[in-house]
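One letter stands for each residue in the lines below.
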Amino acid sequence: MYLAHDACMRDLIRLSAAVAEDRLGQRSVRIGWETFLRQLNRHHSTEDAALWPLVRAAADDPADLAILDEMEAEHEGIVDLLSKVEYGVANSVGAQRLRADVDALAAALDTHFTHEEQVALPLIDRTVGGRGWAAFGEEMRKRNGTRAITEYLPWALDDAPAESRAKMLGFMPGAVRGLYRFVLEPRYVSRRRGWV
């Protein structure tokens, strides 16, 4: 969860830099933006479909239910901001306007991620724990298919601290670690040149 949040914020910083440097037409920037959009949409839609309903069914405290309402409302607000940025990227609106929209999206995501990490993740642990996280993981695998490994893993680990990378890769079978090191990461790096 933390790696995905960090990766989203990293990509918005990269998008803002690409707008400022007039690089939106570069293939790597388009690929970076499309990957960000796909990953964020999967992340939030999976929370909405597989995680929040489990927590809602397990929670009985009105304060806990209010947290879930807040998470869902924040997701809806982010969708509106994503639409503005997506329109701006696709239609080459002015750089000043697009940067303002990217900054607004980054601020909303940062606020949401911080809120989620501080109150929603502890709520998940307290109400559904491992069962909830397993359901979230299973739904992510369904939604991502082979991209769960081929796209998500190198995207989430891009620029991640060494300790986080080691921890995430430590959960993977040796064959997947080898695939990541020798195929997935190099391919990801070659596609994102110019995005950073």
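Computed from a predicted structure; not experimentally measured.

(A) How the structure looks around the pattern of salt bridges. The tally for this structure, following the rule as stated, stands at 15 salt bridges. For Arg-14, the salt bridge goes to Asp-158, with nearest N and O atoms at 2.7 Å. One end of the pair, Arg-14, is in helix α1 (residues 2–20); the other, Asp-158, is in the loop between α7 (152–157) and α8 (162–170), and 144 residues separate them in sequence. A salt bridge links Glu-151 to Arg-42; the shortest N-O distance between them is 3.6 Å. Of this pair, Glu-151 sits in the loop between α6 (147–150) and α7 while Arg-42 sits in helix α2 (residues 27–58), and the two are 109 residues apart along the sequence. For the pair formed by Glu-151 and Arg-42, the shared burial category is buried. Shared partners join several salt bridges into a network, and the residues in it are Arg-10, Asp-11, Arg-14, Asp-158 and Asp-159.

(B) Seen up close, the environment of Pro-173. Structurally, Pro-173 can be placed in the loop between α8 and α9 (174–192). Accessibility expressed as a relative area gives 52% for Pro-173, which makes it exposed.

(C) Region of interest: the nonpolar core. Ranked by size, the top nonpolar core spans 40 residues in total, and within it Leu-15, Phe-36 and Leu-105 carry the most contacts. Listing elements by their share of this core, those giving two or more residues are α1, α2, α3 (62–91), α4 (95–127), α7, α8 and α9. No other element matches the eight residues that α1 contributes to this core. For Leu-105, the contacting residues outside a window of four places in its chain are Leu-12, Phe-36, Ile-78, Leu-81, Leu-82 and Val-85.

(D) Structural view of a nonpolar patch on the surface. A cluster of nonpolar side chains, namely Leu-179, Phe-182 and Val-183, defines an oily patch on the protein surface of about 280 Å² accessible area. Relative to the assigned elements, Leu-179 resides in helix α9. Residue Leu-179 is classed as partly exposed on the basis of its relative accessible area of 35%.

(E) Examining the packing of α1 against α2 more closely. At a closest axis distance of 10 Å, the pairing of α1 and α2 adopts a crossing angle of 150°. In the packing of α1 onto α2, the handedness of the crossing is left-handed. Residue-level inspection shows Ala-4, His-5, Cys-8, Asp-11, Leu-12, Leu-15 and Ala-18 of α1 in contact with α2, the latter providing Val-29, Gly-32, Trp-33, Phe-36, Leu-40 and His-43. Here the contact of α1 with α2 is composed, by residue class, of nine nonpolar, three polar and one charged.

(F) Spotlight on the side chain of Thr-35. Among the secondary structure elements, Thr-35 is positioned in helix α2. Given a relative accessible area of 7%, Thr-35 falls into the buried group. Separated by 2.8 Å, the side chain of Thr-35 and the backbone oxygen of Ile-31 make a polar contact. Once residues lying within four places of it in the same chain are set aside, the contact partners of Thr-35 are Glu-151 and Trp-155.

(G) Structural detail: the packing of aromatic side chains. Counted according to the given criterion, the structure contains three aromatic pairs. When the ring of Trp-133 is compared with that of Phe-136, the centres are 6.2 Å apart and the planes differ by 90°; the resulting orientation is edge-to-face. Of the two residues, Trp-133 and Phe-136 are both situated in helix α5 (residues 129–144); the distance of three residues between them amounts to about one turn of the helix. The exposure class assigned to Trp-133 is partly exposed, which follows from its relative accessible area of 26%. The class for Phe-136 is buried, based on a relative accessible area of 9%. Consider the rings of Tyr-152 and Trp-155, whose centres lie 5.9 Å apart with planes at 50°: the pair is tilted. Of the two residues, Tyr-152 and Trp-155 both sit in helix α7, three residues apart, roughly one turn of that helix.

Reading guide: rules and limits
- Residues numbered from 1 in each chain as written.
- Predicted model: local features only at pLDDT ≥ 70, side-chain atom pairs only at ≥ 80, totals over all residues.
- Heavy atoms only, no water.
- Salt bridge = Lys/Arg side-chain N within 4 Å of Asp/Glu carboxyl O.
- Helix = DSSP H or I, 4+ residues; strand = E, 2+ residues; numbered from the N terminus.
- Buried < 20%, exposed > 50% of the residue type's maximum accessible area, 1.4 Å probe, protein only.
- Core = buried A, V, L, I, M, F, W, Y, C linked by side-chain atoms within 4.5 Å.
- Contact = heavy atoms within 4.5 Å.
- Patch = residues over 30% accessible without salt bridge, like charges linked within 9 Å, V, L, I, M, F, W, Y side chains within 5 Å.
- Areas by Shrake-Rupley, 256 points an atom, 1.4 Å probe, with all protein chains shown as cover.
- Axes fitted to C-alpha atoms, helices over the stretch in contact; angles between N-to-C directions.
- Left-handed = near helix turned anticlockwise from the far one by under 90°.
- Nonpolar A, V, L, I, M, F, W, Y, C, P; charged D, E, K, R; others polar.
- Polar contact = N/O pair within 3.5 Å; in protein donor to acceptor, adjacent residues only side chain to side chain.
- Phe/Tyr/Trp six-rings, centres within 6.5 Å; stacked < 30°, edge-to-face > 60°.

Note that every value here comes from positions in space, so none of it alone points to a role or purpose.
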